[in-house]
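Chain residues, written in single-letter form:
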Amino acid sequence: MSDKPSVTDRVVAAGFAAGWKLVPLLPPRLTRGAFRLGADRVWARRGRSVRRLESNLARVTGLDPGSPELRELSRAGMRSYFRYFEEIFRLPSLKPEEIVRRTRVRGAELIHDTVASGRGVVLALPHMGNWDAAGAWLVAVGHPFATVAERLRPETLFRRYVAFREGLGMEVLPLTGGDGHTFAALAMRVRRGGVVCLPAERDLTKSGVEVDFFGARTKVPAGPALLAVQTGAALLPATVYFAGDDWGIDIHEEIPLPAEGGRQEKVAAMAQGLSHVFEKGITDHPEDWHMLQRLWLEDLTR
């Protein structure tokens, strides 16, 4: 397949560039309304992404496919997803103190106390809410961190996303296509008592760990659990959601390192532990789980 960006790729990249430039210049009430309207229009067309979101939400909630309740939930989900994009375009213009003021955090002491003890932290989270705002909060309260970024097409969009996150104070490493030392760099950071944040409920590398998730099998990234096993860092699950006009973050108790078994068995057990915590967070805030792709193994063959 050609690496040359398609017309769609170029249009999307141009749209993101315009968003970061124009949205901060416009009244929030206007941009929020526009993105909400855009979400409703996409939802009403019920294209492939919306149908996939509904299928995923049906699995995690038990709602009947095609039911009015599921349709309403998927509309709320699309509004949440579009809200994320409106907010990331505005996020660089917000002052750190405003981000801290608007973020409601439970369990922040789990990060603070662990880092204060000299031990590194691996924060693992699903694709929920505004994870970039959560990252900006973490930087603002004194914990600059490293993360990875999926390589997007075209390259200009990937570079803009990296620049956006670096501007918030994150260290961003490519998930693929880098120098091949991404895992080593993350391990070095946590061995030095730092913090790493990683998405952890959708495997993008085809080398993930198989787990039970909402009653069916899927694969999740091995990286978060493997980092904890190899470095002794604390593996802390986090779930992120919207709390009115503000942001919510729940930091959960550390996933314990199994006392027995080899490395592979320990990684699998900790990955399963993460997945159980994510189930609770997604159940509490299903509309803020932005999973518009196939996730479960049985869906990949359809």
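My aim in this report is to walk through the structure given alongside it, one point at a time. (Residues numbered from 1 in each chain as written. Predicted model: local features only at pLDDT ≥ 70, side-chain atom pairs only at ≥ 80, totals over all residues. Heavy atoms only, no water.)

## What about a nonpolar patch on the surface?
Step number 1: A cluster of nonpolar side chains, namely L22, L25, L26 and L30, defines an oily patch on the protein surface of about 400 Å² accessible area.
Step number 2: Mapped onto the fold, L22 is located in helix α1 (residues 7-22).
Step number 3: For L22, a relative accessible area of 46% translates into the label partly exposed. (Patch = residues over 30% accessible without salt bridge, like charges linked within 9 Å, V, L, I, M, F, W, Y side chains within 5 Å. Areas by Shrake-Rupley, 256 points an atom, 1.4 Å probe, with all protein chains shown as cover. Salt bridge = Lys/Arg side-chain N within 4 Å of Asp/Glu carboxyl O. Helix = DSSP H or I, 4+ residues; strand = E, 2+ residues; numbered from the N terminus. Buried < 20%, exposed > 50% of the residue type's maximum accessible area, 1.4 Å probe, protein only.)

## Topic: the pairing of strand β7 (residues 216-220)
Step number 1: Side chains A216, T218 and V220 project from β7 onto a buried face, and the interleaved R217 and K219 project onto a face without burial.
Step number 2: What sits between the antiparallel neighbours strand β6 (residues 209-213) and β7 is a turn of 2 residues, in which F214 has the positive phi angle 55 degrees. (Pairing = 2+ DSSP bridges.)

## Structural notes on the pattern of salt bridges
Step number 1: Applying the stated rule across the entire model yields 19 salt bridges.
Step number 2: Ionic pairing is found between R217 and E210, a salt bridge with its closest N-O pair at 3.1 Å.
Step number 3: Here K280 makes a salt bridge to D284, at a shortest N to O gap of 2.6 Å. With a gap of 4 residues between them, K280 and D284 both fall in helix α11 (residues 263-284), about one helical turn apart.
Step number 4: One salt-bridge network, held together by shared partners, links R52, R59, E298 and D299.

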